[in-house]
Amino acid sequence: MAAGGEETRHHRRDIQGLRAVAVTLVVLYHCGLPVPGGFVGVDVFFVVSGHVICAMLLRELAATGRIRLRAFYARRARRLLPALAVVSAATIAATTLLFSPLDGSMSAVGYASAAASLLCANGYFFRFAGSYFQPHAESNPLLHLWTLSIEEQFYLLFPAALGAVWLIARRRRPQRPATAVLITALALAGVASLGLAVCLTYGWVPRAVGVPALTDPEVVRRLAFYAPVTRAWEFLAGAAVAVATAGGRAPRRAVRTLLAWSGTVLLVAAAFGIDADDPFPGLLAAVPVAAALCLLVAGSAPDPAAPTAWLSARPAVVLGDLSYSWYLWHWPVIVIAGTCLPDLPGVRPLAALASLVPAVLAYRLVELPIHRPDRRRKSPLTAAATVRLAVVCLLLPAAAGLGVAIATRHGWFRPEIAAVRAITAPAHIDLTAGCAQQEPLGDPARRPCTWPTPGSRGTALLIGDSNAGHLAEPAIAAGRAAGLDVQIATMGGCPLLSQVRYLSEPCRRFAEGSLRAIAEHDPPYRAVIVSNASYGYLNGSAAPLLLPDAPGDAHGSARQRELAAWSTDLARTVATIAPRSPVIVIGAVPQHRDLPGCLRPRLLSTPSPDCGHLRPDEVRRLRDDIVAAERAVAVSGGAQYLDLGERLCTAGGGCSAFVDGALVYRDGAHLSVSGAMLYQQPLRDALTRTRSSP
């Protein structure tokens, strides 16, 4: 985010301190530390940027009666583009050398760099990365550049709009200040932007709008998060404060003290009271925005009171000066370090601290020499030099990023890499057809996702998390062979279980709503195929979250109680469905760490030892008890149980991601499209056995 005063004489130390707080919140959040709402630091940045830019433009209007757009854009280019280009180039180079060409991360970085250079990273991540908070989105070291694109888009439009409103106001009432007109215009535009943000965040979109994509609540929520028009009100709020406090206007000290403390309380409440599961931005974004506004007004006079005065302390100001550079560098360093050193304890906080080194170097060697004027010249660069610099900073990272993405897409023109990508690249049909949604089965907003069979005798339902999704193709084929339509409903990261405590609120809505829809479906489903990634949940960070569901008589180790909780939830789920429809429970596939990346960890490396293989002792420790417990629950509840590991694990006890020497996985936790077809016949047999069921 842009940092640093535009002119030394108008430099407000408290604003630099507020930037320091904002960037610290973001970094703490990205470190995985217990600051669940640290991402609201971005909203503080937006408010501050709107305030600083508007204040600068107002000074120019007061002095000259106009806004010199070319000079403004030249300042912005010198301020933002060189540092961005250096980070993008360094990240592209690092990922090309250190990332695998097989797992999609290298091409994602290339496309993200190109999008950021063309000032549309927010559009790229909206279209291709899904939610900002999803793990696969967070694996992109340039994800944070979406905020910079929104800021740049604001800079493209706001100066001309502000100048036009100011000019209209002065022409109509030349003897009166334009303050009231400007604030009115900012308020009207801000309310419209906030209203749109709220409607999109909460899915209040009339179906009559005629845009098919806007009928998908998940897409609508992403649009609310990434769209510049839904974030504009945050910039405009800061701009309104700049107009209201222009010319030295400021409230009394007592009022400013109250505002300073109110802003501090609101910011703490936002940082610790908001989390990634909350609908955001929506109305919740008003909390950090209000906090930033209070602190800006509190610091609008030369005699700031605590806590605003604390923001003016030298450490805070120094960090604030560095905030743009640190913001740019911290996330690439965190992601790259986490990828290369995944087993290092505290790797994220250590990487965040280490990122201060390139941040300081870039600040001193790139930002200051190019952006800050020296004592002899008004600007370090002429207009022509600024244009050339901007072109280089925009085109080179874009060209490099596209080059890396295209080379990765073609397997870097190496047959062995291209062969693996041909297996892992195709996405499953539940993703391409839009069947993976947060909305529960039966919700009008959920796509029907039904594949018909001529002369069908009923419908089979495949439902669960992404481990249900990777069985979509064989389930459709098996359903047709068994004379059944097939309907698919999945939600990634959310097991279809009747639980006491769910992994998230959206997961609760999906599971409870879907189970209710299954029970009410008329006619009843001819079969319900339930598939969840039990292997991943019980061997991952979600396992402790299952403990509240453990029965009261569950004893033993944490693992045993977690497994008892999962079994209890699965038994409850089967009991809910079985009275009306036959149930087929699918045992999860074994999961393989770092697949397919371990087949080629670096562009020029060889496969990692044991890539795609689990030793017998690992299988006994991580999988056997899950299969035994799930099978017992399914059979006792009258359901069939299909263990996918029977084709993937050997009599000796080990499991492999290869069948007859061919890779059958798309990633470490999911079968490839071709690999999943191994289960067409077992699924057909299971569906055939349900024919006698009502």
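To keep things clear, this report deals only with the structure shown in the data block. These numbers were taken from a predicted model, which means no experiment stands behind them.

How each quantity is defined
- Residues numbered from 1 in each chain as written.
- Predicted model: local features only at pLDDT ≥ 70, side-chain atom pairs only at ≥ 80, totals over all residues.
- Heavy atoms only, no water.
- Buried < 20%, exposed > 50% of the residue type's maximum accessible area, 1.4 Å probe, protein only.
- Helix = DSSP H or I, 4+ residues; strand = E, 2+ residues; numbered from the N terminus.
- Pairing = 2+ DSSP bridges.
- Expected span 1.5 Å × (residues − 1).
- Contact = heavy atoms within 4.5 Å.
- Phe/Tyr/Trp six-rings, centres within 6.5 Å; stacked < 30°, edge-to-face > 60°.
- Lys NZ or Arg CZ within 6 Å of the ring centre and 35° of its normal.
- Core = buried A, V, L, I, M, F, W, Y, C linked by side-chain atoms within 4.5 Å.
- Disulfide = S-S within 2.5 Å.

Below, the discussion takes up the pairing of strand β5 (residues 583-587). The buried count for β5 comes to five of five residues, which makes it a mostly enclosed element. Residues Val-583, Val-585 and Gly-587 point to one face of β5 and Ile-584 and Ile-586 to the other, with burial holding for every one of them. Here strand β4 (residues 527-531) runs beside β5; their pairing, made up of four bridges, is parallel. Bridged to Ile-529 within β5 is Ile-584. In this structure, β5 lies alongside strand β7 (residues 640-643), joined through four bridges in parallel fashion.

With that out of the way, let us pick up unusual backbone geometry. Along the chain, Phe-280 connects to Pro-281 via a cis peptide bond; the corresponding omega equals 15 degrees. Note that Pro-281 resides in the loop between α11 (253-273) and α12 (286-298). The step from Leu-595 to Pro-596 runs through a cis peptide bond, and the omega angle for that step is 5 degrees. Looking at where Pro-596 falls in the secondary structure, it is placed in the loop between β5 and β6 (613-614). Of note, Cys-449 is a non-glycine position whose phi angle comes to about 50 degrees, a positive value. The residue Cys-449 is located in the loop between α20 (429-432) and β1 (450-451) in this model. Within the chain, Asp-660 stands out as a residue other than glycine whose phi angle is a positive 55 degrees. Position of Asp-660 relative to the elements: it lies in the loop between β9 (658-659) and β10 (662-663).

With 13 residues, helix α4 (residues 105-117) should cover 18 Å at 1.5 Å per step; its first-to-last C-alpha distance of 18 Å lies within 8% of that length. α4 sits mainly inside the fold: eleven of its 13 residues count as buried. Every buried residue of α4 is accounted for by Ser-105, Met-106, Ser-107, Val-109, Gly-110, Ala-112, Ser-113, Ala-114, Ala-115, Ala-116 and Ser-117. The inward-facing, buried residues of α4 abut α3 (69-98), α5 (121-128), α7 (145-172) and α18 (383-409). Leu-119, located one to two residues past α4, shows a positive phi value of around 65 degrees.

Time to look at the packing of aromatic side chains. Evaluated as defined, the whole model comprises 20 aromatic pairs. Between Phe-39 and Phe-280, the aromatic rings sit 5.2 Å apart at their centres with planes inclined by 85 degrees, giving edge-to-face as the arrangement. With Phe-39 in the loop between α1 (13-30) and α2 (41-64) and Phe-280 in the loop between α11 and α12, this residue pair connects regions lying 241 residues apart in the sequence. Accessibility assignment for this pair places Phe-39 and Phe-280 in one class, buried. Each ring, one from Tyr-132 and one from Phe-225, has its centre 5.2 Å from the other, and the planes form 25 degrees; the classification is stacked. Taken together, the residues span a long stretch of sequence, with Tyr-132 in the loop between α5 and α6 (135-138) and Phe-225 in helix α9 (residues 217-226) at a distance of 93 residues. The same class applies to Tyr-132 and to Phe-225, which are both buried. Put simply, the rings of Phe-46, Phe-72, Tyr-73, Tyr-132, Trp-146, Phe-154, Tyr-155, Phe-158, Phe-225, Tyr-226 and Phe-235 touch in pairs and so form one group of aromatic residues. The residue whose ring lies beneath Arg-76 is Tyr-155, and the NZ or CZ to ring-centre distance is 5.1 Å. The residue whose ring lies beneath Arg-231 is Phe-225, and the NZ or CZ to ring-centre distance is 4.7 Å.

Right, let's get into the nonpolar core. Ranked by size, the top nonpolar core spans 104 residues in total, and within it Cys-54, Leu-57, Phe-125, Trp-146, Phe-158 and Leu-328 carry the most contacts. With 14 residues, the single largest contributor to this core is α2. In this structure, Val-486, Ile-586, Ala-657 and Leu-683 belong to the second largest nonpolar core, which totals 42 residues.

Tallied over the full model, the rule gives four disulfides. Here Cys-494 is linked by a disulfide to Cys-507, with a sulfur-sulfur distance of 2.1 Å. Judged by the torsion about the S-S bond (85 degrees), the Cys-494/Cys-507 disulfide is right-handed. With Cys-494 in the loop between β3 (485-490) and α23 (505-520) and Cys-507 in helix α23, this pair connects stretches of sequence that are 13 residues apart. Taken as a pair, Cys-494 and Cys-507 share a single burial class, namely buried. Cys-649 shares a disulfide with Cys-655; S-S distance 1.9 Å. Taking the sign of the S-S torsion, 95 degrees for the link of Cys-649 and Cys-655, the bridge is right-handed. Here Cys-649 matches Cys-655 in class, with each residue buried. In the protein, the bonded cysteines, numbered by position in the sequence, are linked as 1-2, 3-4, 5-6, 7-8. Of all cysteine sulfurs in the structure, the one in Cys-340 sits closest to Cys-31, which takes part in no disulfide; the separation is 17 Å. Exposure remark for Cys-31: the relative accessible area of 9% places this residue in the buried category.

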